[in-house]
Amino acid sequence: MNIQLPSFLQKGDKVVIVSPSSKIDKEFLKRAKRRLESWGLKVSVGKYAGGSSGRYAGTIRQRLQDLQSAMDDPKVKAILCSRGGYGAVHLVDKIDFTAFREHPKWLLGFSDITALHNLFQKNGYASLHSLMARHLSVEPEEDPCVAYLKDILFGNLPVYTCEKHKLNRQGTAEGILRGGNMAVAYGLRGTPYDIPAEGTILFLEDVSERPHAIERMMYNLKLGGVLEKLSGLIIGQFTEYEEDCSLGKELYPALADLVKEYDYPVCFNFPVGHVTHNLPLINGAKVKLTVGKKNVELKFIC
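Residues numbered from 1 in each chain as written. Predicted model: local features only at pLDDT ≥ 70, side-chain atom pairs only at ≥ 80, totals over all residues. Heavy atoms only, no water.

Under the annotation held in an unreviewed UniProt entry, the chain carries the name LD-carboxypeptidase and is attributed to Bacteroides thetaiotaomicron.

In structure tokens, the structure reads:
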């Protein structure tokens, strides 16, 4: 399937902030709104974005209404998901793309928002795996990931370079960049919203998952025939877990062992995930991944 990139933004364009997953402090919504407005954008906040229903930012109906309204509005050019957590999966099979197809727009977010990224790609649209409201609220304007996000939204696509890692497998590959949070993507395996493996450069990250759980999910990808079909693999940041001895080795070496039989380039320790240096990635874009002796380069060629 050809994946369409929505139009890039111009000053004066409309952006909506919604909360399709967990609830968020309203102060973060206000600060994120001000940050986006400082870029010359017109920003509104969804009716239920600051709401609360248990751990969620509203009931399923309320969260769906906010997201659907933003998707249906022909004037909206981008939708910023305020945070992840859990809950986006409630909406996946309920969203209507009829009006969206007439006026595609960027969806922004990461973590639990991976479920929506998968949904958008299933419907043929690229989206932006990126920082959310908290980062926009607390990090300075000169923060590199804030700057990269602004650049991408306005059509200035960066070329990312990161340090080499001893476990990297060198090589060059072109493919469609897809991925996100490993546990969320794993939850969609075997559904119509699964990530297609053929021609994919897959990136993975996660937070608060124990190493053996990560390895178990990776074995699912291996035994399910996903890993062998990839064009490249990017292992991002796996954070906030207790290192244990369950694998008999550290996490990255364990994952390296799982993919050693394949011949495509593999990059470890890429700056994407639940960290401050979380590079925005266009899910669904064509990219060139070069894993070299001295560094790693990821270039958008969409």
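Don't stop here, the text continues.
1. Thoughts on the sheet that holds strand E10 (residues 266–268)
Ordered by their spatial adjacency, 7 strands build an open sheet running E6-E13-E12-E7-E8-E9-E10, and the pairing between neighbours is mixed. If you trace the sheet from one side to the other, it starts and ends with strand E6 (159–163) and E10, each paired once. Taking the axes of each pair of neighbouring strands and ignoring which way they run, one obtains an average angle of 25° across the sheet. Here strand E7 (residues 171–181) runs beside strand E8 (residues 200–207); their pairing, made up of 6 bridges, is parallel. Following the sheet pairing, asparagine 181 is matched in E8 by glutamate 205. This element, helix H8 (residues 251–258), spans strand E9 (232–239) and E10 of the sheet and lies at about 160° to E9. (Pairing = 2+ DSSP bridges. Helix = DSSP H or I, 4+ residues; strand = E, 2+ residues; numbered from the N terminus. Axes fitted to C-alpha atoms, helices over the stretch in contact; angles between N-to-C directions. Contact = heavy atoms within 4.5 Å.)

2. Some details on the packing of helix H7 (residues 211–223) against H8
For the pair H7 and H8, interaxial distance at closest approach is 10 Å and the crossing angle is 15°. Taken together, H7 and H8 sit at an angle that is classed as roughly parallel. With respect to the hand of their crossing, H7 and H8 are arranged in right-handed fashion. Contact residues: Pro211, Ile214, Glu215, Met218, Tyr219 and Lys222 in H7; Leu251, Ala254, Leu255 and Leu258 in H8. Grouping the amino acids of the contact of H7 with H8 by side-chain chemistry returns 8 nonpolar, no polar and 2 charged. (Parallel < 35°, antiparallel > 145°, perpendicular 65-115°, else oblique. Left-handed = near helix turned anticlockwise from the far one by under 90°. Nonpolar A, V, L, I, M, F, W, Y, C, P; charged D, E, K, R; others polar.)

3. Description of empty space enclosed by the protein
Summary: where empty space remains is shown by rolling a probe the size of a single water molecule over the atoms. Under the counting rule described, the total for this entry stands at 1 cavity of 30 Å³ or more. Here the largest cavity defines a volume of roughly 120 Å³. Of all the elements in the fold, those that place two or more residues in the lining of the largest cavity are helix H6 (182–186), E8 and H7. Split by residue class, the lining of the largest cavity holds 9 nonpolar, no polar and 2 charged. (1 Å grid on protein atoms, 1.4 Å probe; cavity = no way out; pocket = protein on both sides within 12 Å on 5 of 7 lines; lining within 4 Å. Points joined across faces, edges and corners; volume = space filled by probe spheres on them.)

4. Points about the pairing of strand E4 (residues 106–109)
Of the two faces of E4, the one lined by Trp106 and Leu108 and the one lined by Leu107 and Gly109 are each fully buried. With 3 bridges connecting them, strand E3 (residues 76–81) and E4 associate as parallel partners. In the sheet register, alanine 78 faces E4, and the bridge partner there is tryptophan 106. Direction of pairing for E4 relative to strand E5 (residues 127–129): parallel, over a ladder of 2 bridges. Across the sheet, the residue bridging to glycine 109 is histidine 129, located in E5. (Buried < 20%, exposed > 50% of the residue type's maximum accessible area, 1.4 Å probe, protein only.)

5. Regarding the environment of leucine 251
Among the structural elements, leucine 251 can be located in helix H8. Separated by 41 residues in the primary sequence, leucine 251 and arginine 210 place their C-alpha atoms 9.2 Å from one another. Excluding residues within four positions of it along the chain, leucine 251 makes contact with Pro211, Ile214, Phe238, Tyr241 and Glu243.

6. Topic: the pattern of salt bridges
Where charged atoms from two side chains of opposite charge approach closely, those side chains can pair. Counted according to the given criterion, the structure contains 9 salt bridges. Across the salt bridge formed by arginine 31 and glutamate 27, the nearest N and O atoms sit 3.3 Å from each other. One end of the pair, arginine 31, and the other, glutamate 27, are both in helix H1 (residues 26–37), 4 residues apart, so they sit about a helical turn from each other. For glutamate 141, the salt bridge goes to arginine 35, with nearest N and O atoms at 3.2 Å. One end of the pair, glutamate 141, is in the loop between helix H4 (133–138) and helix H5 (144–153); the other, arginine 35, is in helix H1, and 106 residues separate them in sequence. When its relative accessible area of 13% is taken as the criterion, arginine 35 is described as buried. (Salt bridge = Lys/Arg side-chain N within 4 Å of Asp/Glu carboxyl O.)

7. Looking at the UniProt feature "active site" (unreviewed entry) in the chain
With numbering aligned to this structure, UniProt lists the feature "active site" (unreviewed entry) at Ser111, Glu205 and His274. For this annotated set, covering 164 residues, all C-alpha atoms fall within 8.4 Å of each other, a compact arrangement in space. Lining residues of the largest pocket drawn from the annotated list: Ser111 and His274. With respect to the secondary-structure elements, glutamate 205 resides in strand E8. (UniProt positions renumbered as here; feature names shortened; annotations may be inferred.)

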